[in-house]
Amino acid sequence: MKTIYLLTVLCLFFVSCNEKKTEEEARTYVITEELQAALTPKQILDSLKVRNDRFSKGKMTRVDYTSQIVKSENSQYPAAVILSCLDSRVPVESIFDLSIGDVFVARVAGNIVNPDILGSMEYGCKVSGSKLVIVLGHSQCGAVKSAIDSVKLGNITELLSKIEPAVDSVSAKMENRSSKNKEFVKKVTDENVLLTIDNIRKNSPILKEMEEKDEIKIVGGVYELDNGKVHFFE
Ligand SMILES: [Zn+2]
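Quick look at the structure, then.

Brief notes about the overall build of the protein chain
Within the protein chain, the secondary structure is distributed over 12 helices and five strands. Classification of the 234 residues of the protein chain by burial places 36% in the buried group.

Quick notes on the pairing of strand 2 (residues 103-107)
On any regular strand, side chains alternate: one points to one face of the sheet, the next to the other face. Counting buried positions over the five residues of strand 2 gives four, a clear majority of the element. For strand 1 (residues 80-84) and strand 2, the ladder comprises five bridges, and the chain directions are parallel. Considered in strand 2, the bridge of Val 81 is made with Phe 104.

Remarks on the packing of helix 7 (residues 115-127) against helix 12 (residues 205-212)
Relative orientation of the contacting elements helix 7 and helix 12 amounts to 40°, with a least axis distance of 9 Å. Judged on the interaxial angle alone, helix 12 and helix 7 are oblique. Seen along the crossing, helix 7 lies across helix 12 with a hand that is left-handed. Residue-level contacts link Met 121, Glu 122, Cys 125 and Lys 126 of helix 7 to Ile 206, Leu 207 and Met 210 of helix 12. Looking at side-chain class alone, the contact of helix 7 with helix 12 contains five nonpolar, no polar and two charged residues.

Let's talk about unusual backbone geometry
Excluding glycine, residues mostly have negative phi values, and the peptide bonds linking residues are mostly trans. Positive phi values are uncommon outside glycine, yet Gln 140 reaches one of about 55°. You can see Gln 140 is positioned in the loop between strand 3 (132-138) and helix 8 (142-148). Residue Gln 140 is classed as partly exposed on the basis of its C-beta count, with 16 C-beta atoms lying within 10 Å. A positive phi angle, close to 60°, is found at Asp 214, a residue other than glycine. By the secondary structure assignment, Asp 214 is in the loop between helix 12 and strand 4 (217-223). Taking the number of C-beta atoms within 10 Å as the measure of exposure, Asp 214 has 11 and is therefore exposed.

Calculation rules
Residues numbered from 1 in each chain as written. Predicted model: local features only at pLDDT ≥ 70, side-chain atom pairs only at ≥ 80, totals over all residues. Helix = DSSP H or I, 4+ residues; strand = E, 2+ residues; numbered from the N terminus. Buried ≥ 20, exposed ≤ 12 C-beta atoms within 10 Å, placed from the backbone. Pairing = 2+ DSSP bridges. Axes fitted to C-alpha atoms, helices over the stretch in contact; angles between N-to-C directions. Parallel < 35°, antiparallel > 145°, perpendicular 65-115°, else oblique. Left-handed = near helix turned anticlockwise from the far one by under 90°. Contact = placed C-beta atoms within 7 Å. Nonpolar A, V, L, I, M, F, W, Y, C, P; charged D, E, K, R; others polar.

In short, shape yes, function no, at least from these values alone.
Below, the structure is given as structure tokens:
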């Protein structure tokens, strides 16, 4: 009986096998300890791709939040940790068609890491069992554009200094460093995601070891503001 239940929920989590059904019936389940344990990093990533596709097509799952609140009150078993930019146009749970208890989300302008964010990721994976880390940049990122233009203002200066290595890396290969140069902004956005992943591996021995043991996957992606799609780097 338990196996059948788990298979059913697994099926729902991955692809919501029956889209028609999800349109008619609201989702009530939350990720359980058993479901989290049964999922692999790749399965979680595949599920998020399907879910983002649903979001971009306006076919999101209806959710019974009242039921989920009751079921998640005393525990959480999120499948992934997602590091996103602060940008209000990137509502992380929404763009992946997710709900209560599904993922940990850390947000900071420019989706960079610092010891506090790394500690949060380590908590998500090592302590709470999440198996996927996503660094999610996005198109038209104000933080990336400001770093390209060397903006100086209060604490923003220090924050932007963490994006500068990506700007410098692209500047070395490309001319016309300007936030008005769309191709340049796009390349810095991609590079910033990749350098953030490098920083995670370099500065978190815990996450690096988990990745080497295939206990977790660390991937990057960029969300496109004009069509709602996430492109993953793999
Ligand atoms: Zn941004």
